[in-house]
Amino acid sequence: MDQCRLIELPPHHDVRGNLSVIEGGVHIPFDIKRVYYLYDVPGGSARAGHGHIELQQLFVAMSGSFDVIVDDGYERKKFQLNRSYYGLYVPGMMWREVENFSSGAVCVVLASTLYDPKDYYHDYDEFVAAAHQPK
């Protein structure tokens, strides 16, 4: 669980507007293979609700706010994201849920791998059983 952490994305302030940079392997601990984003999420809806075996991700609130709940099969932790210059790093073998989207929220996710359905756990009990297996 300690590997899940907020990472400051170096902000560059300017009177014309601010800019932040994310370089794979520099600002985050993986090379970026895929980018996707969530938007127009209806109030009260939740996204994700699955685990990954290998996939590492960085969640960023580009606009608005939302909560990311991470779970390693032993404990759960909630992070509120509401600043575009912070990202939440989530390593592999972690269950994740995204909820509590504010109006107009945009969640950008940087991923370490291309989409692979074999990397997913969709059943929480199966995820917990795998997380409790000796390594």
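Residues numbered from 1 in each chain as written. Predicted model: local features only at pLDDT ≥ 70, side-chain atom pairs only at ≥ 80, totals over all residues. Heavy atoms only, no water.

(A) View of the overall build of the chain. When you go through the chain residue by residue, the secondary structure sums to one helix and twelve strands. What you see for the chain is a C-alpha radius of gyration of 15 Å, in line with the 14 Å of a compact globule of 135 residues. Principal-axis analysis of the C-alpha atoms places the extent of the chain at approximately 55 × 35 × 25 Å. Counting every position in the chain, which comprises 135 residues, the buried fraction comes to 39%. Partitioning the contacts of the chain with sequence separation of at least 6, the portion at a separation of at least 24 is 76%. (Helix = DSSP H or I, 4+ residues; strand = E, 2+ residues; numbered from the N terminus. Rg over C-alpha atoms; globule rule 2.2 N^0.38 Å. Buried < 20%, exposed > 50% of the residue type's maximum accessible area, 1.4 Å probe, protein only. Contact = heavy atoms within 4.5 Å.)

(B) Looking closely at the sheet that holds strand β9 (residues 86-90). Taken in spatial order, the five strands make up an open sheet running β1-β9-β6-β11-β4, and their pairing is antiparallel. At either end of the open sheet lies a strand with only one pairing partner, and these are β1 (5-8) and β4 (34-39). Within the sheet, the average angular offset between the axes of one strand and its neighbour, ignoring direction, is 25°. (Pairing = 2+ DSSP bridges. Axes fitted to C-alpha atoms, helices over the stretch in contact; angles between N-to-C directions.)

(C) Expanded view of the confidence of the model for the chain. On average, residues of the chain score 94 in pLDDT, and 100% of them are at 70 or above. Mean pLDDT across the elements of the chain bottoms out in strand β2 (residues 11-12) (90) and peaks in strand β8 (residues 76-81) (98). (pLDDT = per-residue confidence, 0-100.)

(D) Just the environment of A61, in detail. Mapped onto the secondary structure, A61 falls in strand β6 (residues 57-63). Sequence separation between A61 and V21 is 40 residues, and the spatial gap between their C-alpha atoms is 14 Å. When near neighbours in sequence (up to four residues on either side) are disregarded, A61 contacts F66, L81, N82, R83, S84 and V106.

(E) View of the packing of aromatic side chains. If you walk through the whole model with that rule in mind, you get nine aromatic pairs. Ring geometry for Y115 against Y120: centres 5.6 Å apart, planes inclined by 55°, an arrangement best described as tilted. Taking relative accessible area as the criterion, Y115 reaches 52% and is therefore assigned exposed. What makes Y120 buried here is its relative accessible area of 18%. An aromatic cluster is built from W95, Y121, Y124 and F127, whose rings are joined through pairwise contacts. (Phe/Tyr/Trp six-rings, centres within 6.5 Å; stacked < 30°, edge-to-face > 60°.)

(F) How the structure looks around the layout of surface pockets. The computed volume of the largest pocket comes to approximately 200 Å³. Taken together, L9, P11, H13, N18, L19, S20, V21, I22, M62, S84 and Y85 form the lining of the largest pocket. Considering only enclosed or pocket space, the second largest pocket measures out at about 150 Å³ in volume. If you trace the second largest pocket, you find it lined by M1, Q3, D72, Y74, P91, G92, M93, M94, A131 and K135. Here the lining of the second largest pocket is composed, by residue class, of six nonpolar, two polar and two charged. (1 Å grid on protein atoms, 1.4 Å probe; cavity = no way out; pocket = protein on both sides within 12 Å on 5 of 7 lines; lining within 4 Å. Points joined across faces, edges and corners; volume = space filled by probe spheres on them. Nonpolar A, V, L, I, M, F, W, Y, C, P; charged D, E, K, R; others polar.)

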